[in-house]
Amino acid sequence: MTTASGSRDLPTILNRNAEKGVLRFITCGSVDDGKSTLIGRLLYESTNLFDDQLDALAGESRRYGTQGEALDFALVVDGLEAEREQGITIDVAYRFFATEKRRFIVADTPGHEQYTRNMATGASNADLAVVLVDVRKGIAVQTRRHTRIASMLGIRHLVLAVNKMDLIGYDEARFRSVEAEFSAFAEGLGFLSLQSIPVSGVFGDNITYGSDATPWYSGPALLEYLDTVEPAVETLKGAPFCMPVQYVSRPNPDFRGYCGRLAAGQLRTGSRVKVATSGMTTSIRRVISGFDDVDSAEAGDSITLVLEDDIDVSRGDALVSDDSDAAVSDQFQVRLLWLSRAPMIPARPYILKTGPREVAASVMSLKYVEDVNSGEHIAANTLSMNEFGLATLTTAMPIFFKKYADNRALGSFILIDKSSNETVAAGLFNFSLRRADNIQMQPLEINKNARMILMRQRPRCLWFTGLSGAGKSTIANLLEKRLYAQGNFTYILDGDNIRHGLNRDLGFTEADRAENIRRAAEVAKLMVDAGLIVIVSFISPFRAERDLAREKFSPGDFIEVFIDARLEDCERRDVKGLYAKARSGKLKNFTGIDSPYEAPQSPDVHIDTGLLSPDDAVTAILTALD
């Protein structure tokens, strides 16, 4: 096998490269600034393309290329058909190459705003970022956004590659202007080094060697500089031992092993460990690497642990040093990068995934949004796509975590939409909120079961949902009268009534509606705990908020009742004239008109008011209760 520079023995190359250090870096910046072309040129000029790759590149350049008869180096990393047809980068493309001094793993990340999530993925494991700027266009908004993401994700070394210098005749004044503007922007973002280099990805100027076209530039070429950068070394091996459990291995009844990758520290056979969340302790009987027993392991090793004692350890738990002060909490201050087109809704339930751990979580409040250009902190209630923010986040149960500044793997997370499984945000743990440690649940001797026996009824929450005018309040009122006649203790939480008191400060935006339901669910939960049968009559248009309400109750205590009615029937019954106001534009964000209603997919009780009278509907609900 040969490369562009001649014959080489592949095993020899691999053995030599294995002894070198690794620098991971990304190329980023705005769309069409030449990121893919620069990487392709870098691979070509560093003789890291094999003959078959060059032959394939020549054919693809004739079919898709934009450089006439010349090789189009962007095609080296633009591997998707859509990328080649459109001349853009969509997915993250990883490439490996090496020089005499070190190995490199480069991630070519997309510049389009809608693919910002892919750029964040590439940056999450990088030591250095090469930010490309089209010298003709200057610093774009996406350039600033990518630079802030790099800073947020812990990248401490930056290269500003001012590209397409050939198109302006290698003008020094224009280069210096772009360099000064970017340096002023990047100041204060926490970078340890910033090197500005004038380059031409198409012609290779200052990519691997200095260029005669820029005699006024005395700095290093890009590859020369990459060879000298020393990445910030995380002192993970000297930190206390920690291993998130990714898998519990049970190949037979006589073996139970806990598999994972050491996120920090070192361990050996006999080391004392504990489960971070429960505090249960034991010691390590065996350390297995691959199929072999080993005496010890350190940060970065993938291993299987066999414990001396049969304690409760599941996927997502973390094993830590017995004497370490494991950080466990359910309330955090976090930094968020919002990735979804749908805005963030405070109190809406999401799935938080950190390592192998998944837990229900909600963003309770937003402290501020960070302006992508100036870094100014702007007061806001929600985050839109590609916005940064500082927020308070809560989880349904305590989880083990590390500050992102101390450990990237243990200090990062993503938020996932429960309904669509879309990744809506990437986040970093700043610290645990002190109130999470200081406020504990007070145990009470008289509990729900005692009240249930006293009242001789099973307390439940009947959650009525449906369009305005569907008949929720009418049926709820009739149901309470029937239950009262049977000697039951009840209470109705009506949406309109609650907005006159507890929720009178809330409007009808999506965020306020989510908070409206959260408060109602908390009150209903207290009433069920008090032993009552509580009937909640709220439009509650969003599935996510109804799911959040259900999660607050014990299994069987929450019954979702869908009061189903056609929109035209609801408008006909509208004695308050609300639909008419909404149709005329006088009433905004009205469910069913200019705000959506997400019907339950599998309600516990489905009442079709087109088929059942209110009395028949009550009978059907009571039958379901029995």
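Quick look at the structure, then.

Cut-offs and rules
Residues numbered from 1 in each chain as written. Predicted model: local features only at pLDDT ≥ 70, side-chain atom pairs only at ≥ 80, totals over all residues. Heavy atoms only, no water. Pairing = 2+ DSSP bridges. Helix = DSSP H or I, 4+ residues; strand = E, 2+ residues; numbered from the N terminus. Axes fitted to C-alpha atoms, helices over the stretch in contact; angles between N-to-C directions. Contact = heavy atoms within 4.5 Å. Buried < 20%, exposed > 50% of the residue type's maximum accessible area, 1.4 Å probe, protein only. Left-handed = near helix turned anticlockwise from the far one by under 90°. Nonpolar A, V, L, I, M, F, W, Y, C, P; charged D, E, K, R; others polar. Expected span 1.5 Å × (residues − 1).

### Notes on the sheet that holds strand S27 (residues 490-494)
Item 1. Within the open sheet, the five strands sit side by side as S27-S28-S26-S29-S30. Their pairing is parallel. The sheet is open, and its two borders are formed by S27 and strand S30 (605-608), each paired with just one other strand. Averaged over neighbouring strand pairs, the angle between their axes works out to 20° when direction is ignored.
Item 2. Packing of helix H11 (residues 472-485) onto the sheet brings it into contact with strand S26 (460-465), S27, strand S28 (533-537), strand S29 (558-564) and S30, and relative to S28 it is tilted by some 170°.
Item 3. Across the sheet, helix H13 (residues 510-529) is in contact with S26, S27 and S28; its angle to S26 comes to roughly 150°.

### Examining the side chain of Thr143
Item 1. Summarising the element assignment, Thr143 is placed in helix H6 (residues 141-152).
Item 2. On the basis of relative accessible area, Thr143 is assigned to the buried category, the value being 0%.
Item 3. Each residue touching Thr143, except ones within four places of it in the same chain, is listed here: Ser30, Asp33, Val131, Val133 and Phe182.

### Re the packing of helix H5 (residues 116-123) against H6
Helix-helix packing is characterised by the crossing angle of the two axes and by the distance between the axes.
Item 1. As a packed pair, H5 and H6 sit with axes 10 Å apart at the nearest point and diverge in direction by 35°. Judged by the sense of rotation from one axis to the other, the crossing of H5 with H6 is right-handed. Here Thr116, Met119 and Ala120 of H5 come into contact with H6, specifically with Gln142, Arg145, His146, Ile149 and Ala150.
Item 2. Here the contact of H5 with H6 is built from residues that sort into four nonpolar, three polar and one charged.

### Observations concerning H6
Item 1. Relative to the 16 Å expected for 12 residues at 1.5 Å per residue, H6 spans 16 Å between its end C-alpha atoms, a close match to the ideal helical length.
Item 2. When we look at burial in H6, the residues that qualify are Gln142, Thr143, Arg144, Arg145, His146, Thr147, Arg148, Ile149, Ala150, Ser151 and Met152.
Item 3. After H6 finishes, the residue Gly154 shows a positive phi value of roughly 90°.

### Quick notes on the sheet that holds strand S8 (residues 193-198)
Item 1. Across the sheet, which stays open at both edges, the six strands sit in the order S4-S5-S3-S6-S7-S8 with mixed pairing between neighbours. Whereas interior strands pair on both sides, the edge strands pair on one side only; in this sheet they are strand S4 (93-98) and S8. Here the strands of the sheet are splayed against their neighbours by 20° on average, with no regard to which way each runs.
Item 2. Pairing of strand S6 (residues 128-134) with strand S7 (residues 157-163), which is carried by seven bridges, proceeds in the parallel orientation. Across the sheet, the residue bridging to Val130 is Val159, located in S7.
Item 3. Lying over the sheet, helix H2 (residues 35-45) contacts strand S3 (22-29), S4, strand S5 (103-108), S6 and S7, oriented at roughly 145° with respect to S3.
Item 4. Strands S3, S4 and S5 of the sheet are contacted by H5, whose axis makes an angle of about 160° with S3.

So, to be careful, I would describe these as geometric facts and stop short of saying anything about function.
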